[in-house]
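# Survey of secondary and tertiary structure
Read off the chains here:
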Amino acid sequence: MKTLVTACAALPVCLLAASASGHNYVMPTLAPAGFVHDIVMRVPHGCKGSPVNKVRIKIPEGVYRVSVEHREDWDVEVKMRQVDPPIVVEAGREITETVDQISWSNPKYVLPPDRIGEFRFRAMLPNEPGRVLFFKTLNDCEEGTDYYVDVPEEPLDLRDPRFHEDFWDLMSATATPAPYMILVKPERPQYPWEWKTDADKPLPEND
Amino acid sequence: MTGRRVTAAIAFFTVGLLFTSRLAFAHAVLLDSSPAAESVLDVSPTEIRLGFNENVGPIFVKVLDATGTESGSPLEFRVEGNNVYLPLGNSLANGTYVVAYRVISADTHPVGGSVLFAVGEPIADVGSVADAGADASGWRAPVAVNRFLLYVAGALAAGSALLMLVLNLPAPLVETLKSQGRVCSLILGTTLVLAIGLGGAEMHAGGGSALFASLAWSTGLGSTLGSSAMLGLPGSIILWLALGKTKPAAGLLSLGALLVIGSFLVTGHAATAPPAWLMALVVAVHLVAVAFWFAALWPLRQAVRTLAAADAGAVLEQFSGRAVVAVGLLIVSGMVISWVQVQSLASFTATDYGVRLLFKVGLVAITLSLAVLNKQRLTGRLLAEHSGTAKTLARSIGAEYVLMLLIMAAAVSLTLPSPPRALLASGGVTVAATGFTTQASKSGVNVSVEVTPARTGENMIMLKFSDANGEAMALSSVRIALSLPSASLEGVEREGEAMMPGSYHFMLNELIIPGEWEIRIDAFVDDFDKKILRVTVPIQ
């Protein structure tokens, strides 16, 4: 699994996969499980030629501590949901409420249909290596709405031998999949002071 | 890098590449077209133009008339910038047309769609389109006649071989049986080959010359008709050769009969119904029993007419002993097949298929009573050498033969409409006098779909959603997408408006080609929660 992170860091393929797509997607497509991570949702085009004036995203189960980047040009709104039972994070702090949906809107600053728009937030990812997170998103346009909400019926897991087949089945069955993010096991903890390492441990391979 | 790491990296690189190609969805969108969608032209266009939002590579662009036939003798299409042009070699007659296309963008994802237009008359004038729709099934009669000959010849050829194997007949009857088998294996071989071309022409709903086009033959060959011929043709040749010998080899006779029976198992509703292996076995038993019974009739009639009463009686008794077993198997296997196909008592009377099946069962009942009469009374009297019995018996067997032919015709008629099993696949169905209704459900969302009149032309699609308790279910939005896979038509999409909570209706005039249309229903329980339901609707 360590190798996976390394290999992917070395290969821009994963990013390529996302950037070539014609539907909303999130970056990174591979992220270390359990990290607090910056996430970018990219909206590559409008609805059949119509400009986008509202973008909505649903935060998947298990993703907490969401904070949304400030935007001068777009109004940001968050919708909360209860976390029951509450989950306990560091120092015994309890999370009882978390962000369920984020929406960015501003009819004045519409996103032209042929330009890519970026919408950023930060969140703590679940510590579940192998899980695939799906961020369902909607683009509300001047005319019509594009829905990128298609998810697999059964959760996908990188460790499942059928992972690639199942993923392909999902992607070939729909032209409007929800943006996905694959959680991988991190090489080391997120914060350097939590590393148990020693100076002589080799650096991650980067070829 | 260690070996394991290298492997992992290569694996990941491969996966990554797969993702690159697979996830690269293009969203090529048709922006405009000429003729414009839903437009009515005074004169035929000389060229079709499709304008996309990006550069596309066409897989196909074709103009279909209301029967689904390609029209306008299209020349090679060409791509200029974001436009695809399809020049037409001939002008289009007045009528309604669909431009069906499938294009691929730089990102390799194929997108299909359609544009509806009419020349010289309003779009989808229901009357004329319905008439034209009837022409599309012009291949039905030839297909049915050929299939009838195929069934009869198949049963008689295989049956003759089986009888040779299990009965010990006097020499003149063996000759009768051999010539019956030889003639029928010739007919069988011919009809098996013809079935491929006729079936292909029917699938393409082509005109009279379609039979002579290689497309019809390649389509037919690629269907189960092809695999059927692959088994049946060698089977019929083996039987023809084997039955030509003075003493046919038992091995060749069994092999030939087996191949011929097998050729019926790879095609058709009954033998391919799930569980396939079991149904194939049941159908095989049914076919063997039919073949045995049917093929015996002509030789038995000959026996009664030409042999001395005692000899004929002995032959009849020899046959009857085995026929009891065959009839038992025939009835049991027939009941299993009927039940799997029809699945409810009500369907016997409520569906076309059920009614035809009842008709066939009625014919079988008459034939059986005649057979019982022959066995119980006439055979006994023949042995007791009653005068005139031979004539009566010969006539009675002749009647049985004719009834058998009628049963074969009924069996062919069963292959024409879709059985309720196929209609039931999406969850339940009733065939209303006008229109078509069906249901589907997916994780707590149920929908009933009503299509009126379910004929070519303008149709209303009515969707009613309900929850697990049967209560009307309000949804945030509903979209439908229609496609007709047999004509490569797709991309007919609509967003619904709720008439009242949970009820949506759509008016469409894109359903101009008869066939099994597929409707995908995207039901949004809320904006982020979409359930996909699918139904198939036959449009006449």
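This text goes with the structure placed above it.
The following refers to the structure shown. (Residues numbered from 1 in each chain as written. Chains lettered and ligands numbered in written order. Predicted model: local features only at pLDDT ≥ 70, side-chain atom pairs only at ≥ 80, totals over all residues. Heavy atoms only, no water.)

Within chain B one finds 13 helices and 18 strands. For chain B, with 540 residues in total, the buried portion stands at 50%. Pairs at least 24 residues apart make up 65% of the contacts formed inside chain B by residues separated by at least 6 positions. (Helix = DSSP H or I, 4+ residues; strand = E, 2+ residues; numbered from the N terminus. Buried < 20%, exposed > 50% of the residue type's maximum accessible area, 1.4 Å probe, protein only. Contact = heavy atoms within 4.5 Å.)

Let us now look at the pairing of strand 11 (residues 445-452) of chain B. Here is the key point about a regular strand: its side chains alternate between the two faces of the sheet. Residue and element names in this part refer to chain B. Residues Val445, Val447, Val449 and Val451 point to one face of strand 11 and are all buried, whereas Asn446, Ser448, Glu450 and Thr452, pointing to the other face, are not buried. Bridge count between strand 10 (residues 436-442) and strand 11: seven bridges; the pairing is antiparallel. Each residue of the ladder has a partner; that of alanine 440, found in strand 11, is valine 447. Counted between consecutive antiparallel strands, the loop separating strand 11 from strand 12 (residues 459-466) contains six residues, among which alanine 454 sits at a positive phi close to 60 degrees. (Pairing = 2+ DSSP bridges.)

For the rest of this paragraph, the subject is unusual backbone geometry. Residue and element names in this part refer to chain A. A cis amide bond links methionine 27 to the next residue, proline 28, at an omega of 0 degrees. By the secondary structure assignment, proline 28 is in the loop between strand 1 (25-27) and strand 2 (30-32). Aspartate 84 connects to proline 85 through a cis peptide bond whose omega is 0 degrees. Along the chain, proline 85 turns up in strand 6 (residues 75-88).

Here the focus is the environment of B:Leu88. Residues and elements named next belong to chain B. Within the secondary structure, leucine 88 is located in the loop between strand 6 (83-87) and strand 7 (95-105). The class for leucine 88 is buried, based on a relative accessible area of 9%. Between the alpha carbons of leucine 88 and glycine 72 there is a distance of 5.3 Å; along the sequence they are 16 residues apart. When near neighbours in sequence (up to four residues on either side) are disregarded, leucine 88 contacts Pro45, Thr46, Glu47, Ile48, Val63, Ser71, Gly72, Ser73 and Pro74.

With that settled, the discussion passes to the sheet that holds strand 1 (residues 30-34) of chain B. Strand-to-strand pairing in sheets goes through backbone hydrogen bonds, with the strands running parallel or antiparallel. All names here are of chain B. Taken in spatial order, the four strands line up as 1-3-6-5 in an open sheet, and their pairing is antiparallel. Two strands lie at the open edges of the sheet, namely strand 1 and strand 5 (78-80), each paired on one side alone. Geometrically, the sheet is characterised by an average inter-axis angle of 20 degrees between neighbouring strands, direction not taken into account. Both strand 1 and strand 3 (residues 47-52) contribute to a ladder of four bridges, which runs antiparallel. Looking at the pairing, serine 33 lines up with leucine 50 of strand 3. (Axes fitted to C-alpha atoms, helices over the stretch in contact; angles between N-to-C directions.)

All names here are of chain A. With respect to the element layout, arginine 42 can be found in strand 3 (residues 36-43). The class for arginine 42 is buried, based on a relative accessible area of 16%. In this structure the side chain of arginine 42 is engaged in a polar contact, spanning 2.7 Å, whose partner is the side chain of tyrosine 25. (Polar contact = N/O pair within 3.5 Å; in protein donor to acceptor, adjacent residues only side chain to side chain.)

Residues and elements named next belong to chain A. Taken as a whole and assessed by the stated rule, the structure comprises one disulfide over all chains. Linked covalently through their sulfurs, cysteine 47 and cysteine 141 form a disulfide whose S-S length is 1.8 Å. The sign of the S-S torsion, about 70 degrees, decides the handedness of the disulfide formed by cysteine 47 and cysteine 141: right-handed. You can see cysteine 47 sitting in the loop between strand 3 and strand 4 (52-58) and its partner cysteine 141 sitting in strand 10 (residues 137-141), a full 94 residues away along the chain. The exposure classification of cysteine 47 matches that of cysteine 141, with both residues buried. (Disulfide = S-S within 2.5 Å.)

Our focus in this paragraph is the sheet that holds strand 2 of chain A. Residue and element names in this part refer to chain A. Strands sit in the order 2-12-9 across an open sheet of three strands; the sheet is mixed. This sheet does not close on itself; its edge strands, each paired only once, are strand 2 and strand 9 (132-134). Going across the sheet, the axis of each strand differs from the next one's by a mean of 35 degrees, ignoring polarity. In the sheet, strand 9 pairs with strand 12 (residues 180-184) via three bridges, with the strands oriented antiparallel. The residue of strand 12 that forms the bridge with valine 132 is isoleucine 182. Against the sheet, helix 3 (residues 163-173) contacts strand 9 and strand 12, and its axis sits at roughly 170 degrees relative to strand 12.

Here the focus is the environment of B:Trp517. All names here are of chain B. By secondary structure assignment, the location of tryptophan 517 is in strand 17 (residues 515-526). Distance from tryptophan 517 to isoleucine 539, taken between C-alpha atoms, is 6.8 Å for residues 22 residues apart in sequence. What tryptophan 517 contacts, discounting residues up to four positions off in sequence, is Leu482, Ser483, Leu484, Leu489, Glu510, Leu511, Ile512, Val535, Thr536, Val537 and Ile539. At a separation of 2.8 Å, a polar atom in the side chain of tryptophan 517 contacts the main-chain carbonyl oxygen of isoleucine 513.

What follows concerns helix 3 of chain A. What helix 3 of chain A keeps buried is the set A:Phe163, A:Phe167, A:Leu170 and A:Met171. Looking down the long axis of helix 3 of chain A, one finds its buried residues gathered within 90 degrees of arc, a one-sided arrangement. (Arc of directions from axis to C-beta.)

Time to look at the pairing of strand 17 of chain B. Residues and elements named next belong to chain B. Where strand 13 (residues 477-484) meets strand 17, seven bridges bridge the pair, whose relative direction is antiparallel. Of the residues in strand 17, the one forming a bridge with isoleucine 480 is isoleucine 521. In this structure, strand 17 lies alongside strand 18 (residues 529-539), joined through eleven bridges in antiparallel fashion. In the strand pairing of strand 18, arginine 520 is matched with arginine 534. Taken together, strand 17 and the strand that follows it, strand 18, pair antiparallel across an intervening segment of two residues.

Side chains of B:Val145, B:Leu149, B:Val183, B:Leu186, B:Ile187, B:Ile237, B:Trp240 and B:Leu241 sit close together on the surface and give an oily, nonpolar patch of about 690 Å² of accessible area. Its place among the elements puts B:Leu186 in helix 4 (residues 171-203). (Patch = residues over 30% accessible without salt bridge, like charges linked within 9 Å, V, L, I, M, F, W, Y side chains within 5 Å. Areas by Shrake-Rupley, 256 points an atom, 1.4 Å probe, with all protein chains shown as cover. Salt bridge = Lys/Arg side-chain N within 4 Å of Asp/Glu carboxyl O.)

This part is about the packing of aromatic side chains. One pass over the structure, following the stated rule, counts 14 aromatic pairs over all chains. With a centroid separation of 5.5 Å and an interplanar angle of 80 degrees, the aromatic rings of B:Phe52 and B:Tyr101 are classed as edge-to-face. Of this pair, B:Phe52 sits in strand 3 while B:Tyr101 is found in strand 7, placing the two residues 49 residues apart along the sequence. Summarising the burial analysis for this pair, B:Phe52 and B:Tyr101 share the class buried. Considering the side-chain rings of B:Phe465 and B:Tyr504, the 5.9 Å spacing of their centres and the 85 degrees angle between planes classify their relative orientation as edge-to-face. You can see B:Phe465 sitting in strand 12 and its partner B:Tyr504 sitting in strand 16 (residues 503-508), a full 39 residues away along the chain. Like B:Phe465, the residue B:Tyr504 is buried in the burial classification. Members of the aromatic cluster, connected to one another through ring pairs, are A:Trp74, A:Trp104 and A:Phe119. The ring of B:Tyr85 carries the charged tip of B:Arg78 above its face, separated from the ring centre by 4.5 Å. (Phe/Tyr/Trp six-rings, centres within 6.5 Å; stacked < 30°, edge-to-face > 60°. Lys NZ or Arg CZ within 6 Å of the ring centre and 35° of its normal.)

One can find B:Ala118 in strand 8 (residues 110-119). Each C-alpha atom of the pair B:Ala118 and B:Ala37 lies 9.5 Å from the other, and the pair is 81 residues apart in sequence.

Further remarks concern the pattern of salt bridges. Residue and element names in this part refer to chain A. Scanning the entire structure with this criterion turns up 25 salt bridges over all chains. The salt bridge partner of arginine 42 is glutamate 118, with a shortest N-O separation of 2.1 Å. Of this pair, arginine 42 sits in strand 3 while glutamate 118 sits in strand 8 (residues 117-124), and the two are 76 residues apart along the sequence. The class for glutamate 118 is partly exposed, based on a relative accessible area of 22%. Put simply, lysine 58 and aspartate 100 hold a salt bridge, and the shortest N to O gap is 3.3 Å. Of the two residues, lysine 58 is situated in strand 4 and aspartate 100 in strand 7 (residues 94-105); the sequence distance between them amounts to 42 residues.

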